[in-house]
Amino acid sequence: MRIIITLILVLISNISYSQTIISGTVSDKSNGENIAYATVNISGTNIGVITNEYGFYSLSIDKKHFKNNKTTIIYRIVGYQKYSLVIDTTNKTNYNIKLTSTVTKIKGVKITANRNTHDEVIRSTKMSVIKVTAKSVKHIPTIGGEPDIIKIMKLLPGVTSGGEGGTSFFVRGGDADQNLVQLDEATVYNIGHLFGFFSVFNSDAVSDITMIKGGFGANYGGRLSSILDVRMKEGNLNKYHVAGGIGLLSSRLMVEGPIIKEKVSFLISGRRTYIDKVFNMVRLNLPYYFYDFNAKVNYKISEKDRLYYSFYLGRDILSISDEYIDQKDTTAQNNATGLNFGFTLGNYTNTLRWNHIYNSKLFSNISLIATNFDYNIYSTYDNNNLQINSKIFDLGIKADYDYFHNNDNHIKFGGSYIRHNFRPNIVNTSGDIESLLHTQEGEEMLTHEYGIYALNDWTINHKLKLNYGLRLSASSTEGKTYVGLEPRLAMRYILNKNNSIKASYSRMKQYMHKVSSSTVALPTDLWYPITKNIKPQSSDQIALGFNHYFAKQGVSFVFEVYYKKMNNLIEYREGTNLILNNDYESELLQGKGDAYGMEFLLRKESGRFNGWLSYTLSKTTRIFEELNNGNSFPSKYDRRHNISIVLNYQISERWLFSTVWVYQSGARFTAQIGQYLMPNPNMTSVDIIPLYSSRNAVEMAHSHRLDINFTLLPKKKRKFKGEFSFGAYNIYNRAQPYRINVVPNDNGTGYKYQQPGLFGFIPSIAYNFSF
């Protein structure tokens, strides 16, 4: 605490006072939602500020910028018309601004206007950060024709796919559980449906998505590799709006509108797959489905107070029983044994947020958060019953404060507390199986995670800017407390109006981890806390970057190189079954790792032709004393090259073409390279002993695919807007290797590896509407 207080005093030491201060919020005129990261500056100068993530701003204006006691303030952000406000020294100091969405026409085609979108990228200290809106990526082709936020994130530099179709992703050499995924500040532990082929986020309910891969501010913590911040829409304060879609595999519907106009709004959204119904139509049985439900209430209590409540619920359900036996198959009917097998799994999250403006300089956001993830596997066979459960429940509170002391110093400070309740491996049995597998309640593991922080975004002069801060984190479990200092530093230096260079350093701590059983083909990921014997994971990352804006073409270019050192990483022994194993600590190993690489992103956000090109060159290694003879080995998902090309082209007023091309190096595996014979201990026969390569020494085949999508847009000036999408995944039907099979050679001597693909060519059609 002394360190944090001292830092706050240091942060304030370079502050000078201005005479006039204006503040307020910036919002969307059409729906009342607050607009984050809008630019607010004094006309004709480089002096300005950016709204925080809740749309609040505070701008200090010196006397010299007033002429005849008047000056002009400019408000702008991509996607909205620029707004000019003339103020004088005798006017009020609180200005809540509403911006109007803007479009323009080129050759009869309606497209987003090209605006000055590069200011934040060039001038901000933020690096390794990419923000996209749900609206801007809604036409990008994905499996099933439905927008998928997680799939789109994996098209960005520095993000590696775990496998074809899945939602797991790996950022800058980290593991999948090192990514903190949040929905309105609540942690989402399971981000996939249908074994990972669909993400849990309904695009109709989402406003924008921000991914942070490095250069973390001190206000972020809890994971090593990335923060994926997903924000729900707030609910339209001015008018009712309905949107939805019907696809081959699922349908969705979203309704939002005012309860009290400009005062209270709501949003509800639902989605359900009907894979089970589709298979029934073709006389096949797949008793599986998933659903999602989102809800939000937005209450504008006063000009200084706002209350939000967000809720999410999602479940996957599989149920197999004798009723699915073909009724015409009398033999199968006679042999029925009362089989009943299935599982359910899912999340729910709750977030209650209070925004409060204390004065023209101080803003706060206080959140109460509850989140839960659980799964339940059950089976009944011949009067034998088995049920396996696991769950994690979090209850937390966090407070974040923004203090805009002047235009050159934006101070943030706050703290958080989370109570984690882990209950892995809950087992209930009855019948004969009980003699083999006993009922066990599963050990309840309680941990308490804390964090306090302070940072300052300090503009030293018009060229140099620093963001420096410190986070103090801690976790207590089993009578032991781990404490970690996490310093953060980011720098930006402007070369000219279109070029800047950046550098950052960040240390991160992680006090929990996820393990998956390699011997059970079910959704059986288990979350565990640190213990007396399992230490917190940590990482130190440095990054350098160069940003350039091609003003004439409206194209931004970002190039970054990074190095990350990781300690106390988690692995588990090969062949380990962590399900039903309460002695899991003995199966876990801890080691260290390195990751380094370079990334570039070429991005055009507006115009008739837009999209991006990303490329990542990276290498990731691990060292565990108990593995690979203590020698360094590649990470399983050490993919050397990753290329993504995303293009949108407005063919005509009503036709839009979108395409994605992806290339990536193969994942790694440990190969059997031979075998030899050895007499058994009784000398009665011989055993075949396999020989293996070093760990993860062999690379699977490289893969690439092309996806396309055509969209027939609605006619203009219609209240009901419907659009059809026609597309295809993997248009040239190239297999994307996802596993390794060992099969005999064709000549009958020896063995060979096969790399089967999961998906071939998959067509899609969808209908989306809004009114």
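Model, not experiment: these values are computed from the prediction.

Conventions adopted
- Residues numbered from 1 in each chain as written.
- Predicted model: local features only at pLDDT ≥ 70, side-chain atom pairs only at ≥ 80, totals over all residues.
- Heavy atoms only, no water.
- Helix = DSSP H or I, 4+ residues; strand = E, 2+ residues; numbered from the N terminus.
- Buried < 20%, exposed > 50% of the residue type's maximum accessible area, 1.4 Å probe, protein only.
- Polar contact = N/O pair within 3.5 Å; in protein donor to acceptor, adjacent residues only side chain to side chain.
- Contact = heavy atoms within 4.5 Å.
- 1 Å grid on protein atoms, 1.4 Å probe; cavity = no way out; pocket = protein on both sides within 12 Å on 5 of 7 lines; lining within 4 Å.
- Points joined across faces, edges and corners; volume = space filled by probe spheres on them.
- pLDDT = per-residue confidence, 0-100.
- Phe/Tyr/Trp six-rings, centres within 6.5 Å; stacked < 30°, edge-to-face > 60°.
- Lys NZ or Arg CZ within 6 Å of the ring centre and 35° of its normal.
- Pairing = 2+ DSSP bridges.
- Axes fitted to C-alpha atoms, helices over the stretch in contact; angles between N-to-C directions.
- Patch = residues over 30% accessible without salt bridge, like charges linked within 9 Å, V, L, I, M, F, W, Y side chains within 5 Å.
- Areas by Shrake-Rupley, 256 points an atom, 1.4 Å probe, with all protein chains shown as cover.
- Salt bridge = Lys/Arg side-chain N within 4 Å of Asp/Glu carboxyl O.

Draft legend 1. Spotlight on the side chain of Asn-648. Along the chain, Asn-648 falls in strand 39 (residues 641-650). A relative accessible area of 9% places Asn-648 in the buried class. In this structure the side chain of Asn-648 is engaged in a polar contact, spanning 2.7 Å, whose partner is the side chain of Ser-658. Discounting residues that sit within four places of it in the chain, Asn-648 has contacts with Arg-608, Phe-609, Asn-610, Leu-656, Phe-657 and Ser-658.

Draft legend 2. Region of the structure containing the environment of Ser-124. Within the element layout of this structure, Ser-124 appears in the loop between helix 2 (119-123) and strand 10 (129-133). When its relative accessible area of 8% is taken as the criterion, Ser-124 is described as buried. For the pair Ser-124 and Asp-457, spaced 333 residues apart in sequence, the C-alpha to C-alpha distance is 9.2 Å. A polar contact of 2.9 Å, which involves the side chain of Ser-124, links it to the backbone nitrogen of Lys-126.

Draft legend 3. Seen up close, empty space enclosed by the protein. By the definition in use, this model includes six cavities of 30 Å³ or more. Here the largest cavity is characterised by a volume of approximately 120 Å³. Taken together, the elements giving at least two residues each to the lining of the largest cavity come down to strand 12 (169-171) and strand 37 (609-623). Of all the elements, strand 37 adds the most residues to the lining of the largest cavity, at three residues.

Draft legend 4. Seen up close, the confidence of the model for the chain. For the chain, the mean per-residue pLDDT works out to 85, and 90% of the residues sit at or above 70. Residue range residues 14-18 is modelled with pLDDT below 50. Its contacts to residues more than four positions away, or to other chains, number eleven contacts. Across residues 104-116 the pLDDT falls below 50, and counting only partners more than four positions away or on other chains, this stretch makes 33 contacts in the model.

Draft legend 5. Spatial organisation of the packing of aromatic side chains. Enumeration over the complete set of coordinates arrives at 27 aromatic pairs. Relative to Phe-363, the ring of Phe-56 has its centre 5.2 Å away and its plane inclined at 20°; by these criteria the two rings are stacked. Here Phe-56 is found in strand 4 (residues 56-61), whereas its partner Phe-363 is found in strand 25 (residues 362-381), with 307 residues between them in sequence. The pair Phe-56 / Phe-363 is uniform in exposure class, with both members buried. An aromatic cluster is present here, built from Phe-720, Phe-724, Phe-726, Tyr-767, Phe-769 and Phe-771 joined pairwise through their rings. Cation over ring: Arg-272 sits above Tyr-289, and NZ or CZ is 4.1 Å from the ring centre. Against the face of Phe-633 rests Arg-695, its NZ or CZ located 5.2 Å from the ring centre.

Draft legend 6. Up close: the environment of Lys-509. With respect to the secondary-structure elements, Lys-509 resides in strand 31 (residues 499-510). In this structure the C-alpha to C-alpha distance between Lys-509 and Leu-472, which are 37 residues apart in sequence, comes to 9.8 Å. If sequence neighbours within four positions are ignored, Lys-509 has contacts with Gly-222, Arg-223, Leu-224, Ser-473, Gly-484, Glu-486, Gln-537 and Ser-538.

Draft legend 7. The arrangement of the sheet that holds strand 7 (residues 97-99) in detail. Across the sheet, three strands lie side by side as 4-1-7; this open sheet has mixed pairing. Since the sheet does not close on itself, it has two edges, and those belong to strand 4 and strand 7, each with one partner. Across the sheet, the axes of successive neighbouring strands diverge by a mean angle of 35°, strand direction being ignored.

Draft legend 8. Region of interest: a nonpolar patch on the surface. Side chains of Leu-248, Phe-609, Leu-647, Tyr-649, Ile-651, Trp-655, Phe-710, Phe-724, Phe-726 and Ile-765 sit close together on the surface and give an oily, nonpolar patch of about 820 Å² of accessible area. Of all the elements in the fold, those that place two or more residues in the nonpolar patch are strand 39 and strand 46 (721-729). Relative to the helices and strands, Leu-248 is located in the loop between strand 19 (241-246) and strand 20 (250-260). On the basis of relative accessible area, Leu-248 is assigned to the partly exposed category, the value being 39%.

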